[in-house]
Amino acid sequence: MSEAKGLSPDIFDVAIVGSGFGGLCMAIALQRDGIDNFVILEKDEDFGGTWRVNDYPGAACDVASHLYSFSFFQNPEWTRRFPPRDEIWEYTRSVVHHFRLAPKIRLSTELEGAEYDEATGLWTLATSRGIMRARIVVLAVGALSRPAFPAIAGLDRFKGTVFHSARWNHAYDLTGKRVAVIGTGASAIQFVPEIAGKVARLDLYQRTPPWILPRRDRAITRPERWLLRHVKALQWLYRGWQYLQWEWRYIGFSSMPWLIRAMQAMALRHLRRQIPDDAELRRKLTPDYALGCKRVLLTNDYYPALTRPNVELLTCGIEAIGEDGITGRDGVVRPVDAIIFGTGFDVAESWTGFDIRGRGGVSLAETGKDGLEAYKGCAVAGFPNLYLIIGPNTALGHNSIIYMIESSVRYVMGAIRAMRGKGIASLEVKRAAQTRYNAAIQERLKGTVWNSGCKSWYLAGNGKNYTLWPGFTFQYRRITREFDLANYD
Ligand code: NAP
């Protein structure tokens, strides 16, 4: 960038935080524009983000494989309709290799804080490996990077093994052990069937039953892969077809309750088919809120796992954890050797867990303490030259996040191009534009299923939804296509 010329190598044009899909996509876009003076900070010992870290047994994605890749680097080699975690991780590695990104990634380098200096228009970043400076900071830290452990009394007293699904303890052999699993979300329903046949006993603590639909997975045959590899147009056609299949679900989630009811009927049929003989178990597993309000889960082997004689679904709630086990609210103490938390992530903390100070020392954590608002999910008033990927109200309940990442990256690149083209040292979104934008977002969320009354990680403590994009994904693509300089100071 022109204004960065002559800066010392320790002053980067762009510092990207996070090396998952968001960070890598941003880096590739910079490279394409000939910007090479950037760095990617990664807190972990390896790149890859969510899909590297979440390596619990059975981990897989429930968005179609051929949508779960960058549009500019499609992957004809997926072996299944839904990608297993290992294939996504393999794909991530191929991205880093193909775009020669490895030298740009600083591993085991955690962002602790960042401060904006108005005089120089530069950010000073405090990392676990020292200080660096950058003109632009892109936070691509992901919403699902900080494992959440619920505050259950006595957890610190437990003498057995404890771990979270996002930090799976592969060194611990579960064979023959008495295991408690807390949580029945997207992660738990994937690893429970994997471990149920190994453990001596499995106590599964469910707070809210999820809606579950059949997982229509299948192998992608060799001839299909051959065709996708050799006929580029087919890759696009197939991807487009998958996109439409996922995108239509938004119609139901936003405005057609009868479509949701039809999907609920399908889910209940799935439950009856898979658990035909146990009405009490079916009752415990029947949700009492609208399908889609929490993330809809896809699995064919979770319900059957719950019918095993060594598995018990517990809905009594947890009173406390003791040295040797868990006491339920039913007063029963159930001794266990290990507790696995499938309790999800601290989504709010993903933006506010750093000490980031913008213009005039304003704190991002303070700004977002009740839920962070951003303009088009990417820029926050008071924080010049700071951008977010998968920022507020850009996550999805119905389609591939990669599509949203590419849209946000395109927008941020628009900002960077505007800076370069016009010799601008600093860009900050106007507060009025941000307020107007978010009022419209919240208005639009009002009639959707996500705000229909259940408790989910989509909602902040104040009940507002700062997480999901309330529209078709192509509508987000449209508003991020051009950078709107007029809305920036
Ligand atoms: P999650 O969906 O947030 O589920 C957390 C589970 O823990 C819920 O069942 C929750 O119950 C329960 N829980 C939380 N605190 C509890 C407490 N104090 N006592 C008892 N239960 C408690 O987390 P996740 O399963 O890790 O998934 C997070 C997100 O990651 C998903 O929504 C999805 O976006 C993504 N993901 C995707 C895939 C995939 O593509 N297949 C797989 C894994 C994860 P309540 O429902 O009552 O809160």
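Please refer to the structure placed before this passage.
### Remarks on the overall build of the protein
And step 1. Helix and strand content of the protein: 15 helices and 18 strands.
And step 2. Expected size for 489 residues packed as a compact globule is a radius of gyration near 23 Å; at 23 Å, the protein falls within 12% of this value.
And step 3. If one aligns the C-alpha atoms of the protein with their principal axes, the spans along those axes are about 70 × 55 × 45 Å.
And step 4. In the protein, which comprises 489 residues, the share counted as buried stands at 57%.
And step 5. Restricting to contacts in the protein with at least 6 residues of sequence separation, those with at least 24 account for 72%.
And step 6. Of the roughly 20700 Å² of accessible surface on the protein, a fraction of 52% belongs to carbon and sulfur atoms.
And step 7. Across the protein, the mean location of the 62 positive side-chain charges is 6 Å away from that of the 50 negative side-chain charges.

### Details of helix 14 (residues 431–445)
Each α-helix winds once per 3.6 residues, and so residues spaced three or four apart point in a common direction.
And step 1. For helix 14, built from 15 residues, the straight-helix expectation of 21 Å at 1.5 Å per residue is met to within 8% by its first-to-last C-alpha distance of 21 Å.
And step 2. Every buried residue of helix 14 is accounted for by Ala433, Gln434, Tyr437, Asn438, Ile441, Gln442 and Leu445. Buried residues in helix 14, looked at end-on, bunch into an arc of 160°, giving them a common side.
And step 3. On its buried face, helix 14 is in contact with helix 15 (473–480).

### Quick word on the sheet that holds strand 9 (residues 201–205)
And step 1. Here 5 strands make up an open sheet; going across it, the order is 7-16-8-9-12 and the pairing parallel. Of all strands in the sheet, those with a lone pairing partner are strand 7 (161–164) and strand 12 (311–314), marking the two edges. Across this sheet, the average inter-strand angle for adjacent strands is 15°, counted without regard to direction.
And step 2. As paired strands, strand 9 and strand 12 are joined by 4 bridges and run parallel to one another. Across the sheet, residue Leu202 finds its bridge partner in strand 12, namely Val311.

### Brief notes about the nonpolar core
And step 1. Counting 87 residues, the largest nonpolar core has Ile16 and Met26 as the members making the most contacts within it.
And step 2. Examining the composition of this core, we find that 13 residues originate from one element, helix 13 (residues 401–422), more than from any other.
And step 3. Residue-level mapping places this core at the junction of two domains, with at least three residues from each of domain 1 (2–145 + 346–487) and domain 2 (155–216 + 243–341).
And step 4. Tyr172, Ile195, Leu297 and Leu313 belong to the second largest nonpolar core, which has 31 residues in total.

### Re the packing of helix 1 (residues 21–32) against helix 3 (residues 85–98)
And step 1. Where helix 1 contacts helix 3, the axes come no closer than 11 Å and their chain directions differ by 20°. As summarised for this structure, helix 1 and helix 3 are arranged roughly parallel, according to the angle between their axes. Between helix 1 and helix 3 lies a crossing of left-handed hand. Facing helix 1, whose interface residues are Phe21, Leu24 and Ile28, helix 3 presents Ile88, Tyr91, Thr92, Val95 and Val96.
And step 2. Along the lines of polarity and charge, the residues of the contact of helix 1 with helix 3 split into 7 nonpolar, 1 polar and no charged.

About the cut-offs
- Residues numbered from 1 in each chain as written.
- Predicted model: local features only at pLDDT ≥ 70, side-chain atom pairs only at ≥ 80, totals over all residues.
- Heavy atoms only, no water.
- Helix = DSSP H or I, 4+ residues; strand = E, 2+ residues; numbered from the N terminus.
- Rg over C-alpha atoms; globule rule 2.2 N^0.38 Å.
- Buried < 20%, exposed > 50% of the residue type's maximum accessible area, 1.4 Å probe, protein only.
- Contact = heavy atoms within 4.5 Å.
- Areas by Shrake-Rupley, 256 points an atom, 1.4 Å probe, with all protein chains shown as cover.
- Lys, Arg positive; Asp, Glu negative; His and termini not counted.
- Charge placed at Lys NZ, Arg CZ, Asp CG, Glu CD.
- Expected span 1.5 Å × (residues − 1).
- Arc of directions from axis to C-beta.
- Pairing = 2+ DSSP bridges.
- Axes fitted to C-alpha atoms, helices over the stretch in contact; angles between N-to-C directions.
- Core = buried A, V, L, I, M, F, W, Y, C linked by side-chain atoms within 4.5 Å.
- Domains from an automatic or database assignment.
- Parallel < 35°, antiparallel > 145°, perpendicular 65-115°, else oblique.
- Left-handed = near helix turned anticlockwise from the far one by under 90°.
- Nonpolar A, V, L, I, M, F, W, Y, C, P; charged D, E, K, R; others polar.

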